[in-house]
Amino acid sequence: MAYWEKVNSISDLKALSMKELEVYAEDVREHIIDVVQKNGGHLASNLGSVELTLALHYVFDVPHDKIVWDVGHQSYTHKIVTGRRDKFSDLRKNGGISGFPKPSENECDSFIGGHSSTSLSAALGLARARDLRGENFNVVSVIGDGAMTGGMAYEAINDIGESQEKMIIVLNDNKMSISPNVGAFSNYLARLRLSKPYAKFKHNLKRGVSALPFFGDKLVGMFERTRDNLKSIILSNKLFENFGIKYYGPFDGHNVKNIIDIFNQVKDENRPVLIHLVTNKGNGYDVAETDAERFHGLSPKSENKSFCFAEVVGDKLCELAQKDSRVVAVTAAMKSGTGLEKFFEQFPERSFDVAIAEQHAVTMAAGMAKGGLKPYFAVYSSFLQRGFDQIIHDVCLDNLPVTFLIDRAGVVGADGITHQGIMDLSYLGMIPNMTVLTPKDGDELNEMLEFSLTFNAPLAIRYPKSFTMQYDKVSVAPVTDWETVRKCDSKKYILAVGNRMLDIASRIDNVNIVNARCVKPLDLKWLSKVEGGSTILTMEDNVLAGGFGACVAKYFSEKKDIKVVTLGYDGFVDNMDIQSSLNEAGFCESNIKKLLK
Ligand SMILES: Cc1ncc(C[n+]2csc(CCOP(=O)(O)OP(=O)(O)O)c2C)c(N)n1
C-alpha cells in the first residue's frame, strides 16, 4: 500500500514517475478488491480500467476537462483519485459514495451515469456548449465495447462525425458486456484487435521519426499518408474513419506509460478522435479474469439469501417452451440477471441476446409476435424505460402479444438512484391495451406465466429481485382478479401491490388485506362493492404520480364517503438500501397505522 496513503490529490498523482504509477495502480486494485468484496459492486469492470483511468487523470485536468463515464460502473478509480479515497470504504452504502458517477456527489463527475450508451451524446453536448460559450477544455467519453452496442451510441456517432467537434472517445474494449459481448459490432472490434501488432509498429515508428531533426515532421506527414493507405489495406472496413472520427489503436489498455503518451499526442487534435484500448475484464485478479461474468457485479456480503423471482422465470419459461413451440426469449445483455441462462442452454435457437439495446428488443419482439411467435422480453424495470415509445407505438397500438418480464421492480438497494424500478407502474399503467400483473410470490408468478401463454395481448409482469415468503393460495379466481388475503370485520382495507407491499401489510392488525395483483386494469368488480364509510390504503413500490393509488383514487373521486390514502414514492429515491427507502416513504407499521385511523 505504498502509494495509497501518499496520493492525496490529482497533483500528487501527476507527480508520480511511471514506475510509481504502476505500483500505485496495484494499490488501487487491491483496495477495489477489498471494498467490493465487502460492499458488493462492479468488480471486474473496475479492475480492467485502473490504468486507463490513471492515465486520463495524469494527462487531463478535471474538473476543468470533462470525463464522461459510460454506464459509470467502472468509475471507482476515478472516484478514488478525485477526493473520495477516504470514503471509498462506504461505497454503495447509504450515506456513502455512489457506485456510479454522480455530479451532486463531486464536481469531477461531469455527468450522471448508470444507464448504458449515453456518454457519447453527453460528451458531444458538453463539447458544443464549450464552443458556443467560447470556453477551452477537453471532453473525453470513456465507453465500453458493451455500451457501444446501444442504439444511442450510433445516433451520437452519426452526429459527432458530421459535427467534427473536438472530443476524445476512449473505447475500453474488454470483449465483454456482462456476458461475452455479442453482435456484428463486437465482431468488427475482434477484427480490429487482430491488427494489434501493426498498431504498435505504427506508434513506435511515428515516435521514432518525429524525434529526427529537420526532416522529422515531413517524415511524419509522409508516414501518416502511408499509414492511412496501409491501414485501409489491412482493415477492410474503417468504420470510425468513414464516420469522420479519427481512429487510433488498438493499444494495450494496461500499459499506463503508453496510454499516457497516446493521450498526450491526441489531446490537442481539433476534431473527434477515438482511442481503441484493449483491456482484460478483471485484470490482476485471477478469479475475476477467468470468470468475468460472475465478477461483473457482486452482491454485498451481508445480503440475506431469499428466493429469486428470476429463477422462477427461468424454470417456468423452459416448461412453457416445451409445450409451445412459439415461445421465444429475448434479453438485452442481461441473460443471467433475468434468469434466462437455463432457457438459453435448453433452447439456443429460440434465445435472443440483442446486446444493450432495449428499444430494439421491444420492437424486435413486436415483430416476432406479429410473425406468429410468443416472445418474452425479460428486462430490468429501469432499463425498460428506454423502450417506452416502442411499447406504445410498436407493441400496444397493434395490441401485439409481447410479454414483458420486468425484474428489479421497485427500489433496488445498492445500485441506487439510477437503477430504481419505480416508474414502471406509472408508465405502463397509462398505455392502452397493456395489462400489468404483480405476483405475491413464486407460485403466483408461475400462475401468471401460465396465464400469459394464452393471453393474446401486451402483458407486463413486474416483480422485485426476490421474495422472502410463500403465501397460501386462497383464491382460484383468474390472476386478473384481486385476491383477499385477509378478511376481517372492518371497513378498512389495504390494497397491496406485489410481494414487498403484502409482506409489510401483513404485519398490520385489524385490517382487510387485498393482493391487488392486477394493477391494470383495476378490478372493477371488487371496487364496486366497497361500501360508504370505508377507508382504503393503497401501497405500491412505485412513484405516486400516475401509479396504482392514483388510479384507485380517481375511481373513487366522486364518492365522498370513501376515503382513499395512497402510499408510494414522491419522486426519485436516492437511497442505497431497500429498507431505508421503504422507511423514508412511510412503509412502516407506525405510519400505516396512523394513515388507517
Ligand atoms: C440501458 C442499460 N441496460 C443494461 C444495463 C446493465 N449493464 C450494466 S454494465 C453492462 C455491460 C457493459 O459492458 P461494457 O460497456 O463493455 O463495460 P464493461 O463492464 O465490460 O467494462 C450492462 C449490460 C445498463 N446499465 N443500462
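Residues numbered from 1 in each chain as written. Predicted model: local features only at pLDDT ≥ 70, side-chain atom pairs only at ≥ 80, totals over all residues. Heavy atoms only, no water.

Asker: Help me understand unusual backbone geometry, please; the structure alone is not making it clear to me.
Answerer: A negative phi holds for most residues other than glycine; trans holds for most peptide bonds. With an omega dihedral of 5°, the bond running from Val62 to Pro63 counts as a cis peptide bond. Among the secondary structure elements, Pro63 is positioned in the loop between helix H4 (50–59) and strand E1 (66–69). With an omega of 0°, the peptide bond between Lys520 and Pro521 qualifies as cis. Of note, Pro521 is situated in the loop between strand E17 (518–520) and helix H22 (524–528). Positive phi, normally seen in glycine, also occurs at Ala333, with a value near 65°. Structurally, Ala333 can be placed in the loop between strand E7 (327–331) and helix H15 (341–346). (Helix = DSSP H or I, 4+ residues; strand = E, 2+ residues; numbered from the N terminus.)

Asker: Whenever I open this one, the pattern of salt bridges confuses me. Can you help?
Answerer: Pairing of side chains with opposite charge becomes possible as their charged atoms draw close. Going through the model one piece at a time under the given rule, you end up with 31 salt bridges. The residue Arg130 makes a salt bridge to Asp131 at a minimum N-O spacing of 2.8 Å. On the basis of relative accessible area, Arg130 is assigned to the buried category, the value being 3%. Asp398 is the partner of Lys370 in a salt bridge, and the nearest nitrogen-oxygen pair spans 2.6 Å. With Lys370 in helix H16 (residues 358–370) and Asp398 in the loop between helix H18 (388–396) and strand E10 (403–407), this residue pair connects regions lying 28 residues apart in the sequence. Judged by its relative accessible area of 58%, Lys370 is exposed. Owing to a relative accessible area of 40%, Asp398 belongs among the partly exposed residues under this scheme. Look at the salt bridges and you will find they share partners, linking Lys79, Arg84, Glu105 and Asp109 into a network. (Salt bridge = Lys/Arg side-chain N within 4 Å of Asp/Glu carboxyl O. Buried < 20%, exposed > 50% of the residue type's maximum accessible area, 1.4 Å probe, protein only.)

Asker: How do you make sense of the sheet that holds E10 when you look at a structure like this?
Answerer: Hydrogen bonds along the backbone pair up the strands of a sheet, which may run parallel or antiparallel. Taken in spatial order, the 7 strands of this open sheet run E8-E7-E9-E10-E12-E11-E17, and their pairing is mixed. Both edges of this open sheet fall to strand E8 (351–353) and E17, since each of them pairs with a single strand only. Ignoring which end each strand starts from, the neighbouring axes of this sheet average 20° apart. With 3 bridges joining them, strand E11 (residues 435–437) and strand E12 (residues 459–462) adopt parallel strand pairing. When the bridges of E12 are listed, Leu437 appears paired with Ile461. (Pairing = 2+ DSSP bridges. Axes fitted to C-alpha atoms, helices over the stretch in contact; angles between N-to-C directions.)

Asker: Honestly, the site of the ligand in this entry has me stumped. Any pointers?
Answerer: Around the ligand lies a shell of 22 residues, among which Ser45, His73, Gly146, Met176 and Glu358 are the nearest. Take Ser116: an N or O atom from its main chain is 2.9 Å from a nitrogen atom of the ligand. Note that an oxygen atom of the ligand is positioned 2.9 Å from one of the side-chain N or O atoms of Lys281. Considered on its own, the ligand offers 580 Å² of accessible surface; in the complex 98% of this is hidden by protein. Broken down by class, the residue content of the shell around the ligand amounts to 8 nonpolar, 10 polar and 4 charged. Split by domain, the shell around the ligand shows at least three residues from each of two domains, domain 1 (10–195 + 235–290) and domain 2 (307–467). (Near = heavy atom within 4 Å. Polar contact = N/O pair within 3.5 Å; in protein donor to acceptor, adjacent residues only side chain to side chain. Areas by Shrake-Rupley, 256 points an atom, 1.4 Å probe, with all protein chains shown as cover. Nonpolar A, V, L, I, M, F, W, Y, C, P; charged D, E, K, R; others polar. Domains from an automatic or database assignment.)

Asker: Even after reading the chapter, I still don't get helix H7 (residues 151–163), so can you show me in this structure?
Answerer: Because an α-helix packs 3.6 residues into every turn, residues spaced three or four apart end up facing the same way. Given a rise of 1.5 Å per residue, 13 residues ought to cover 18 Å, and the 19 Å separating the end C-alpha atoms of H7 matches this to within 8%. Elements that come into contact with the buried residues of H7 comprise helix H6 (119–132), strand E2 (139–144), strand E3 (167–173), helix H11 (239–242) and strand E5 (272–278). At the exit of H7 stands Gln164, carrying a positive phi of roughly 60°. (Expected span 1.5 Å × (residues − 1). Contact = heavy atoms within 4.5 Å.)

Any functional reading would require information beyond the geometric quantities listed.
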